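Coordinates in review
If you want the building blocks of each chain, they are given just below.
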Amino acid sequence: MTSAKDGAKDGQSPAVKPANKRGVARLAAVQALYQMDVAGTGVIEVVAEYEAHRLGKEVDGTQYLDADPQWFRAIVAGVVAEQTSLDPMIRQALTEDWLLSRLDSTLRAILRAGIWELKNRPDVPTAVIVSEYIDIAKAFYTEDEPKLVNAVLDRLAFELRGESRGAKNPRG
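Predicted, not measured: the structure shown is a model, and the values here were computed from it. (Residues numbered from 1 in each chain as written. Predicted model: local features only at pLDDT ≥ 70, side-chain atom pairs only at ≥ 80, totals over all residues. Heavy atoms only, no water.)

**Structural notes on the environment of proline 69**
What counts, and what does not: Helix and strand assignments follow DSSP, with helices taken as H or I runs no shorter than four residues and strands as E runs no shorter than two, numbered in order from the N terminus.
You can see proline 69 is positioned in helix H3 (residues 69-93). Note: C-alpha distance between proline 69 and arginine 22 (47 residues apart in sequence) is 8.6 Å.

And the structure:
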């Protein structure tokens, strides 16, 4: 069997590219935020659970990929600390007929995490953040939700950073 680190051998299918540890941390953070929203789990408890039992571990026969634990903690703790300012930003970026409460918990977690990174991680390119959270949305949804994630994050990237995924703000 070919591992993520091995190349294609003996004419078998090409190897899977090693996962980006920050990308895995983003996905885990979205899952943790979802769990906190649905089950009412606290930050300390959920972070400890993920680090002890999920990140890079085998759970029920499934091997979880290794994640950047500091990135994971920063996103989860940051979203929780800033949720009261993140949610109005999401609401403002949605069309008038969409209420934040209309979004399911997973979609809210994706948007909150993406916006938190746009606000607090200027060292990470806008296109990387938006693209990664669109990919996370695609892992959970097959309909229009990834397009919604793209639109909301792109709109807020322009407001927060003066640039969107596709173009820089002409003012600077």
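That was the structure; now back to the text.
**Details of the packing of aromatic side chains**
The line we're drawing: Two rings from Phe, Tyr or Trp (for Trp, the six-membered ring) form a pair when their centres are within 6.5 Å of each other. A pair whose planes differ by under 30 degrees is stacked, one over 60 is edge-to-face, and the rest are tilted. Either the NZ atom of lysine or the CZ atom of arginine qualifies as a charge over a ring when it sits within 6 Å of the ring centre and within 35 degrees of the ring normal.
Within the structure shown, the criterion is met by one aromatic pair. When the ring centre of tryptophan 71 is taken as origin, the NZ or CZ atom of arginine 22, which lies over that ring, is 3.7 Å away.

**Section: the packing of helix H2 (residues 43-53) against H3**
In plain terms, the rule: Every axis in this analysis is a line fitted to C-alpha atoms, fitted for helices over the stretch in contact. Angles between the N-to-C directions lie between 0 and 180 degrees. Angle categories are assigned with fixed cut-offs, so that under 35 degrees is roughly parallel, over 145 is roughly antiparallel, 65 to 115 is roughly perpendicular, and the rest are oblique. Each crossing is labelled by how the near helix is turned from the far one, with a counterclockwise turn of less than a right angle marking it left-handed and a clockwise turn marking it right-handed. A contact between two residues is defined here by any heavy atoms of the two lying within 4.5 Å. Asp, Glu, Lys and Arg are counted as charged, while Ala, Val, Leu, Ile, Met, Phe, Trp, Tyr, Cys and Pro are counted as nonpolar; the rest, among them Gly, fall into the polar class.
Across the interface, H2 lies against H3 with an axial gap of 11 Å and an inter-helix angle of 160 degrees. Between H2 and H3, the crossing angle belongs to the class labelled roughly antiparallel. Regarding H2 and H3, the two cross each other, and that crossing is right-handed. Contacts between H2 and H3 pair Val43, Val46, Val47, Tyr50 and Glu51 from the former with Pro69, Phe72, Arg73, Val76 and Val80 from the latter. Of the residues assigned to the contact of H2 with H3, the class counts are eight nonpolar, no polar and two charged.

**Here's the deal with helix H6 (residues 145-161)**
Quick note on the threshold: By this rule, a helix spans an expected 1.5 Å times one less than how many residues it contains. Buried means the residue's accessible area, taken with a 1.4 Å probe over protein chains only, is under 20% of the maximum for its type, while exposed means over 50%, and partly exposed covers the values in between. The arc in question is traced by the directions running from the helix axis to the C-beta atoms.
Between its first and last C-alpha, H6 extends 23 Å over 17 residues, near the 24 Å set by a 1.5 Å rise per residue. Along H6, the residues that are buried comprise Pro146, Leu148, Val149, Val152, Leu153, Leu156 and Ala157. One side of H6 carries all its buried residues, which in axial view fall inside an arc of 155 degrees. Buried-residue contacts for H6 involve H3, helix H4 (105-120) and helix H5 (126-140). A positive phi of about 75 degrees marks glycine 162, the residue just after H6.

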